Amino acid sequence: RPDISDRKRDHIELCADQDVEARIKTNLLDAVELFHDSLPELDVDAIDLSASFAGKRLKAPLLITGMTGGAPEAERINKELAMVAQELGLAFGVGSQRAMARNPDLTATYQVRDVAPDICLLGNIGAVQAAEMSTAQTEDLVGAIGADALCVHLNPGQELIQPEGDRDFRGCIDAIARLVEELSVPVIAKETGCGLSPRTLDRLAKIGVKHVDTSGAGGTTWIGVEAMRAPAAQQTLGELYWDWGVPTAASIVYAKRREMNVIGSGGLRTGYDAARAIALGADIAGMALPWLRACYNEGAPGARAFGERCLTALRTAMALTGSSNVDELRQAPKMIGPRLERWLAADPRR
Ligand code: FNR
């Protein structure tokens, strides 16, 4: 079994410069067209981008989605991205805290409160690991970094392609139910690039989960990333399922139909994508890969520039749809294309 820190390094390096995104499938945000408003009747500079999530105010409805921790390179990335989140008033998540659960010496690679005292900070652990840990152990992961909520990630697709991955997924639903009941902070059920389906969302709703991160198909594919690391047989399997999953746009609507607080994510690359995710009902919009690339290649200044471009593009979408705040953007008139319509019609709860 490769060391966790080595695996983290592999993941960062592959994501930084290889083709790790969906090939044919899109996240279907391209099937969402916002109606242009020629008479917006607002002052663009007075548009209110603020939002809230997990009990915290954000200056803008954006999340830097959890990616890493547990290696020296990961520590730099977490600190720099958290610093930018603090400056721009965005939410930020760390990657899976499994490495620090195993080896407490790695805790510092996830700690960002020194540079980001005010941000909405999300912790992260895999559902399979959560099932193996007590609530007290999980609570320690939250406390050690001062997180405002805990993402419990669901990633069976990735695990089945990862050479050293998990294959027994029993007990995850009970573990999530227990954490929802017992943890001191909200639990966010999070996919990792395959999206949350109607059935998964119904199961999560039934055990009291109120927050989800769609992490839909159409962006970074973890089946793909693991295929690149895998020996031949699993590589072929990974190629076969490269684009597997529920497109982000569909997953956002499914989750809103179940009255959840929704992080819309999976393949969002611009502020315009964020605007379309929010117009479908997402509370905030999450992105991972573009932040990693900006930070990996150009450090905090690159990440800050990317964030500012996103904010400008989001503000522009709000101006051109006549939305003076994020709630109004959520109600913005839109046209839904036929492919997305069909995904939406396939939900038994439509
Ligand atoms: C991730 N992602 C992820 N998710 C998670 O819950 N725990 C984790 O440890 C990681 N690790 C990780 C590393 C790197 C380098 C990337 C790029 C991503 C998944 C991430 O949070 C997100 O759900 C997906 O990447 C989809 O969003 P994008 O990348 O298409 O914007």
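Structural data are supplied above this passage.
Small disclaimer: the values here were computed from a predicted structure and weren't measured.

Student: Sorry, what's going on with the overall build of the protein here?
Tutor: Counting its secondary structure elements, the protein contains 15 helices and twelve strands. Relative to a compact globule of 350 residues, whose C-alpha radius of gyration would be 20 Å, the protein shows 19 Å and is just as compact. Summarising its shape, the C-alpha atoms of the protein cover approximately 60 × 45 × 40 Å along the three principal directions. Counting every position in the protein, which comprises 350 residues, the buried fraction comes to 57%. Taking the contacts inside the protein whose residues are at least 6 apart along the sequence as the reference set, 79% of them involve residues at least 24 apart. In the structure as shown, the protein presents an accessible area of about 14500 Å², 50% of it carried by carbon and sulfur atoms. Within the protein, one finds 38 positive and 47 negative side-chain charges whose respective centroids are separated by 5 Å.

Student: Teacher, can you tell me more about the sheet that holds strand β5 (residues 91-93) here?
Tutor: Reading around the circumference, β4-β5-β6-β7-β8-β9-β10-β11 is the order of the eight strands in this closed barrel, with parallel pairing throughout. Ignoring strand direction, the axes of neighbouring strands in this sheet form an average angle of 25 degrees. Alignment of strand β6 (residues 121-126) against strand β7 (residues 149-153), held across five bridges, turns out to be parallel. Within β7, the position partnered with Asn 124 by the bridge is Cys 151. Contacts from helix α2 (residues 72-88) reach β4 (62-64) and β5 within the one sheet, and its direction differs from that of β5 by about 165 degrees.

Student: Sorry if this is basic, but what is going on with the nonpolar core here?
Tutor: If you look at soluble globular proteins, the nonpolar side chains tend to sit buried side by side. Counting residues in each nonpolar core, the largest one holds 97 residues, and the members touching the most others are Phe 92, Val 212 and Trp 291. Looking at this core element by element, the count peaks at 14 residues for helix α13 (residues 289-320). Beyond its immediate stretch of four places on either side in the chain, Phe 92 contacts Leu 63, Ile 64, Asn 78, Leu 81, Ala 82, Ala 85, Val 112, Ile 119, Cys 120, Leu 121 and Leu 122. Grouped together as the second largest cluster of nonpolar side chains are 13 residues, Leu 63, Ala 91, Leu 122 and Ile 263 included.

Student: Looking at this structure, I do not really get the packing of helix α1 (residues 4-17) against α13. What am I missing?
Tutor: Between α1 and α13, whose axes approach to 9 Å, the crossing angle comes to 95 degrees. Between α1 and α13, the angle falls in the class roughly perpendicular. Counting all contacts with α1, which are made through Ile 12, Glu 13, Cys 15 and Ala 16, the residues of α13 involved are Leu 289, Leu 292, Arg 293 and Tyr 296.

Student: So what exactly am I meant to see when it comes to a nonpolar patch on the surface here?
Tutor: Residues Leu 237, Leu 240, Tyr 241 and Trp 244 make up a contiguous nonpolar surface patch of about 440 Å² in total accessible area. Summarising the element assignment, Trp 244 is placed in the loop between α10 (232-240) and α11 (248-257).

Student: Which parts of the structure should I look at to understand the site of the ligand?
Tutor: As a structural note, the neighbourhood of the ligand is formed by 22 residues, with Gly 66, Met 67, Ser 215, Thr 220 and Gly 267 the closest of them. Residue Asn 124 places a side-chain N or O atom 2.9 Å away from an oxygen atom belonging to the ligand. One of the backbone nitrogen or oxygen atoms of Leu 289 is found 3.0 Å away from an oxygen atom of the ligand. If the ligand stood free it would expose 610 Å²; the protein chains cover 96% of that surface. Across the shell around the ligand, the residue classes tally to seven nonpolar, twelve polar and three charged.

Student: I'm lost on the packing of helix α5 (residues 135-145) against helix α7 (residues 172-182) in this one. Help?
Tutor: If you want to describe how two helices pack, look at the angle between their axes and the distance between the axes. One can describe the packing of α5 onto α7 by two numbers: an axis separation of 11 Å at closest approach and a directional angle of 65 degrees. Considered as vectors, α5 and α7 are oriented roughly perpendicular to each other. Handedness of the α5/α7 crossing: right-handed. Here Thr 135, Thr 138 and Glu 139 of α5 lie close against α7, whose contacting residues are Arg 178, Leu 179 and Glu 182. Here the residues of the contact of α5 with α7 are counted per class, giving one nonpolar, two polar and three charged.

Student: Any chance you could explain the pairing of strand β8 (residues 187-190) here in plain terms?
Tutor: Side chains on a regular strand alternate between the two faces of the sheet. Of the two faces of β8, both are covered, the one formed by Val 187 and Ala 189 as well as the one formed by Ile 188 and Lys 190. Where β7 lies against β8, four bridges are found, and the strand directions are parallel. Bridging across to β8, Cys 151 finds its partner in Ile 188. Bridge analysis of β8 against strand β9 (residues 211-213) gives three bridges, and the strand direction is parallel. Within β9, the residue paired with Lys 190 across the bridge is Asp 213. The β-α-β motif built from β8, the intervening helix α8 (residues 198-206) and the parallel element β9 has right-handed crossover chirality.

Thresholds applied
Residues numbered from 1 in each chain as written. Predicted model: local features only at pLDDT ≥ 70, side-chain atom pairs only at ≥ 80, totals over all residues. Heavy atoms only, no water. Helix = DSSP H or I, 4+ residues; strand = E, 2+ residues; numbered from the N terminus. Rg over C-alpha atoms; globule rule 2.2 N^0.38 Å. Buried < 20%, exposed > 50% of the residue type's maximum accessible area, 1.4 Å probe, protein only. Contact = heavy atoms within 4.5 Å. Areas by Shrake-Rupley, 256 points an atom, 1.4 Å probe, with all protein chains shown as cover. Lys, Arg positive; Asp, Glu negative; His and termini not counted. Charge placed at Lys NZ, Arg CZ, Asp CG, Glu CD. Pairing = 2+ DSSP bridges. Axes fitted to C-alpha atoms, helices over the stretch in contact; angles between N-to-C directions. Core = buried A, V, L, I, M, F, W, Y, C linked by side-chain atoms within 4.5 Å. Parallel < 35°, antiparallel > 145°, perpendicular 65-115°, else oblique. Patch = residues over 30% accessible without salt bridge, like charges linked within 9 Å, V, L, I, M, F, W, Y side chains within 5 Å. Salt bridge = Lys/Arg side-chain N within 4 Å of Asp/Glu carboxyl O. Near = heavy atom within 4 Å. Polar contact = N/O pair within 3.5 Å; in protein donor to acceptor, adjacent residues only side chain to side chain. Nonpolar A, V, L, I, M, F, W, Y, C, P; charged D, E, K, R; others polar. Left-handed = near helix turned anticlockwise from the far one by under 90°. Right-handed = clockwise from strand over helix to strand, strands pointing away.

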